[in-house]
Amino acid sequence: MANEKPIQSGKSSGGTASSFIAKSSIKAADLDHRRKINFNISRYNSVVPIGKQQFANLATAREQAKTLKWEAIGQLDKMLEEFELNFSKRGGKVLWAETADDALKEILSICQRVNCKNVVKSKSMVTEEIHLNAFLEKNGIESIESDLGEYIQQLDGESPYHIVTPAMHKSKEDVARLFANKLGTEPNLNPEQLTQVARHMLRQKYVQAEVGITGANFLIAGSGSIAVTENEGNARLSCGYPNVHIAIVGIEKVIPSLSDLGLFWPLLATYGTGQNVTVYNSIVSGPRQKNEVDGPTEMYVILLDNGRTELLAEPNSREALYCIRCGSCLNACPVYKNIGGHAYETTYSGPIGKVITPWLKGMHQYKHLSYASSLCGNCTEVCPVRINLHELLLDNRHESVVRGESGLSERLAWKTWKFASMHRGLMNSGSGSLKNKVVNGLFKKWSEHHAPLDFAPKTFNEQWKERMKNLAKNPTPES
Ligand code: SF4
């Protein structure tokens, strides 16, 4: 029998440019880490093309999804009010949270009112965003992750590594060792046995929990429902077993109507995990009704802003609110594949994380993320709702410069560059190797993480003059 020990919540941490660079440098050189990531992403890459086959015209489906999200985000205020009106009709209560603190206060107040000591939780990036587990623990409430990947991460005291596959960086041997250390199981259990151990632990938690907390993949304005997508059935149990269900959802998750799920469910499944449709898709429209025999007696939906309206106010960047959190851009990103999910020190990592975090958590502290990209555009290529991610990274960079966030050395570098470019004589003076010495010496910081600048031996101006001279000597014969 496994022996349960207390579980530590994932720690919240604030990222800085220097710790991002330090952590990235370590991870990029960690070959074992790269092997595990490449293995898991290669499995993802092999199944996604199979999922895509279900679409008669994938390009049109993606375009339609983008248009629907454009429509929903374009009238977000009306859509959310429509959601509230319809959800309330069936006895649910909508709570509006402008900040993470507002959301936490609402959750605590509900938990205290029903004398809750145990919460069972399903996977939700929004609850990671507000650091819910740590907060509940501080207030004497045990909060257990019921998604297997999240449970593994919680057991290990780590935050999720990936928005869809939280324990992607762990091999099955790593998980067996973790269970042995924390739960006292045999150290060489196989994945099926490990799943059984987690299952056994978690089943008891559903029975004990007074409150179930979930996120939602979609808020459906037309019917006042939330839609929850998962593969393990744990979210369904978290919604339906405890007496109180709280769903905490980012305001951008809204879609106009139930029929839109016919498009979004297969897109999310295909781009998230390569499935045609995920195993469990639940639509929840309120607490237990008079004629129903089960379900919670109270249901709340907390609509979280937490910086999203900052994005909404930006005509270009608001497109990032179309994201359906499929994780596809993370799997496609050469930077993510090298440095992994934790180096970012943010809830949302990879390309979408780099785009939205400076808006959600502050341009000053997180602007460096927008520079950690090769701008290859692979993220944009693979996004099911066709968000122009790599261009939004450029917009972020522009925004940080406009706000005066660029450092002195960067401003100096560009001033020098501009001055030299506008003075042809200066550009032509000195050989390429001399320029390499001077410029790379001056901008040492640049070459710490990039190949050094390499000037051509002759300037364009010099080459052009030579070419003209040669042409004058040997004009090309007319054809
Ligand atoms: S930005 Fe696009 S690819 Fe990335 S997680 Fe969101 S929907 Fe998926």
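Residues numbered from 1 in each chain as written. Predicted model: local features only at pLDDT ≥ 70, side-chain atom pairs only at ≥ 80, totals over all residues. Heavy atoms only, no water.

Undergrad: Which residues make up the confidence of the model for the protein chain, and what values do they have?
TA: When pLDDT is averaged along the protein chain, the result is 93; 96% of the residues meet or exceed 70. Across residues 1-12, confidence stays below pLDDT 50; counting only partners more than four residues off in sequence or on other chains, it has 32 contacts. (pLDDT = per-residue confidence, 0-100. Contact = heavy atoms within 4.5 Å.)

Undergrad: Before we move on, can you summarise a nonpolar patch on the surface with the specific residues and values?
TA: On the surface, a cluster of nonpolar side chains totalling about 460 Å² of accessible area is made up of Trp414, Trp417, Trp446 and Leu453. Counting through the fold element by element, Trp446 comes out in helix 24 (residues 444-449). Trp446 sits in the partly exposed class, given a relative accessible area of 40%. (Patch = residues over 30% accessible without salt bridge, like charges linked within 9 Å, V, L, I, M, F, W, Y side chains within 5 Å. Areas by Shrake-Rupley, 256 points an atom, 1.4 Å probe, with all protein chains shown as cover. Salt bridge = Lys/Arg side-chain N within 4 Å of Asp/Glu carboxyl O. Helix = DSSP H or I, 4+ residues; strand = E, 2+ residues; numbered from the N terminus. Buried < 20%, exposed > 50% of the residue type's maximum accessible area, 1.4 Å probe, protein only.)

Undergrad: How would you explain the packing of helix 3 (residues 58-74) against helix 12 (residues 261-273) if you had to name every residue and give the values?
TA: Taken N-terminus to C-terminus, the directions of helix 3 and helix 12 make an angle of 115°; their axes are 11 Å apart at the nearest point. Crossing geometry of helix 3 relative to helix 12 is assigned as left-handed. Across the interface between the two elements, Leu58, Ala61, Arg62, Gln64, Ala65, Leu68 and Lys69 of helix 3 pack against Leu263, Phe264, Leu267 and Tyr271 of helix 12. Its residues assigned to classes, the contact of helix 3 with helix 12 shows eight nonpolar, one polar and two charged. (Axes fitted to C-alpha atoms, helices over the stretch in contact; angles between N-to-C directions. Left-handed = near helix turned anticlockwise from the far one by under 90°. Nonpolar A, V, L, I, M, F, W, Y, C, P; charged D, E, K, R; others polar.)

Undergrad: Report on unusual backbone geometry, specifying residues and quantitative values.
TA: Phi at His131 takes a positive value of approximately 55°, unusual for a residue other than glycine. With respect to the secondary-structure elements, His131 resides in the loop between helix 6 (125-129) and helix 7 (132-138). Of note, the phi angle at Leu375 is positive, near 55°, even though the residue is not glycine. Within the element layout of this structure, Leu375 appears in the loop between helix 18 (368-371) and helix 19 (378-382). Taking relative accessible area as the criterion, Leu375 reaches 28% and is therefore assigned partly exposed.

Undergrad: So what's going on with the sheet that holds strand 10 (residues 298-304)? Which residues, and what values?
TA: Strand order in the open sheet made by the six strands is 1-10-7-4-2-3, with parallel pairing throughout. The open sheet has two edge strands, strand 1 (93-97) and strand 3 (142-145), and neither has a second partner. Ignoring which end each strand starts from, the neighbouring axes of this sheet average 20° apart. Two strands pair when backbone bridges link them, and strand 2 (residues 118-121) and strand 3 are joined in this way by four bridges, in the parallel orientation. Residue pairing across strands places Asn118 opposite Glu142, the latter belonging to strand 3. Across the sheet, helix 10 (residues 191-208) touches strand 2 and strand 3, and the angle it forms with strand 3 is around 135°. (Pairing = 2+ DSSP bridges.)

Undergrad: Tell me about the pattern of salt bridges, and please be specific about residues and values.
TA: Enumeration over the complete set of coordinates arrives at 20 salt bridges. The partner of Glu345 in a salt bridge is Lys23, with the nearest N and O atoms 3.1 Å apart. One end of the pair, Glu345, is in the loop between helix 15 (334-339) and helix 16 (350-361); the other, Lys23, is in helix 1 (residues 17-28), and 322 residues separate them in sequence. Residue Lys23 is classed as partly exposed on the basis of its relative accessible area, which comes to 38%. Between Lys36 and Asp32 there is a salt bridge; the shortest N-O distance is 3.2 Å. Of this pair, Lys36 and Asp32 both sit in helix 2 (residues 31-52), four residues apart, which is roughly one turn of the helix. For Asp32, a relative accessible area of 36% corresponds to the partly exposed category. Each of Asp32, Arg35, Lys36, Asp174 and Arg177 takes part in one network of salt bridges that share partners.

Undergrad: Kindly report on the state of the cysteines, identifying the contributing residues and their values.
TA: On inspection of all chains with the given rule, the structure shows zero disulfides. We note that Cys111 lacks a disulfide partner, and the nearest cysteine sulfur, in Cys116, lies 4.2 Å from it. Free cysteine: Cys376, not disulfide-bonded; nearest cysteine sulfur from Cys379 at 6.1 Å. Judged by its relative accessible area of 49%, Cys376 is partly exposed. (Disulfide = S-S within 2.5 Å.)

Undergrad: Residue-level account of the site of the ligand, with values.
TA: Around the ligand lies a shell of 14 residues, among which Cys323, Cys326, Gly327, Cys329 and Cys383 are the nearest. Grouping the amino acids of the shell around the ligand by side-chain chemistry returns eleven nonpolar, two polar and one charged. (Near = heavy atom within 4 Å.)

Undergrad: Mind laying out the sheet that holds strand 6 (residues 225-230), listing which residues take part and the relevant values?
TA: Read across the open sheet, the four strands follow the order 8-5-6-9; overall the sheet is mixed. The sheet is open, and its two edges are formed by strand 8 (254-255) and strand 9 (280-284), each paired on a single side. Where strand 5 (residues 218-220) lies against strand 8, two bridges are found, and the strand directions are parallel. In the sheet register, Ile220 faces strand 8, and the bridge partner there is Ile255. Against the sheet, helix 12 touches strand 5, strand 6, strand 8 and strand 9, its axis set at about 175° to strand 5.

Undergrad: Please set out a positive patch on the surface residue by residue, giving values where relevant.
TA: Residues Arg424, Lys465, Lys469 and Lys473 make up a contiguous surface patch of positive charge. A per-element tally of the positive patch places helix 25 (residues 460-473) first, with three residues. Note that Lys465 resides in helix 25. Lys465 sits in the exposed class, given a relative accessible area of 54%. (Lys, Arg positive; Asp, Glu negative; His and termini not counted. Charge placed at Lys NZ, Arg CZ, Asp CG, Glu CD.)

Undergrad: Pulling in residues and values, what's your account of helix 8 (residues 148-155)?
TA: Across the eight residues that make up helix 8, a large majority, seven, are buried. Buried residues in helix 8 make contact with helix 6, helix 7, strand 3, helix 9 (172-183) and helix 10. Between a side-chain oxygen at the N-terminus of helix 8 and the backbone nitrogen of Gly149 the separation is 3.0 Å; the capping residue is Asp147. Phi turns positive, to about 70°, at Gly157, one or two residues after helix 8. (Polar contact = N/O pair within 3.5 Å; in protein donor to acceptor, adjacent residues only side chain to side chain.)

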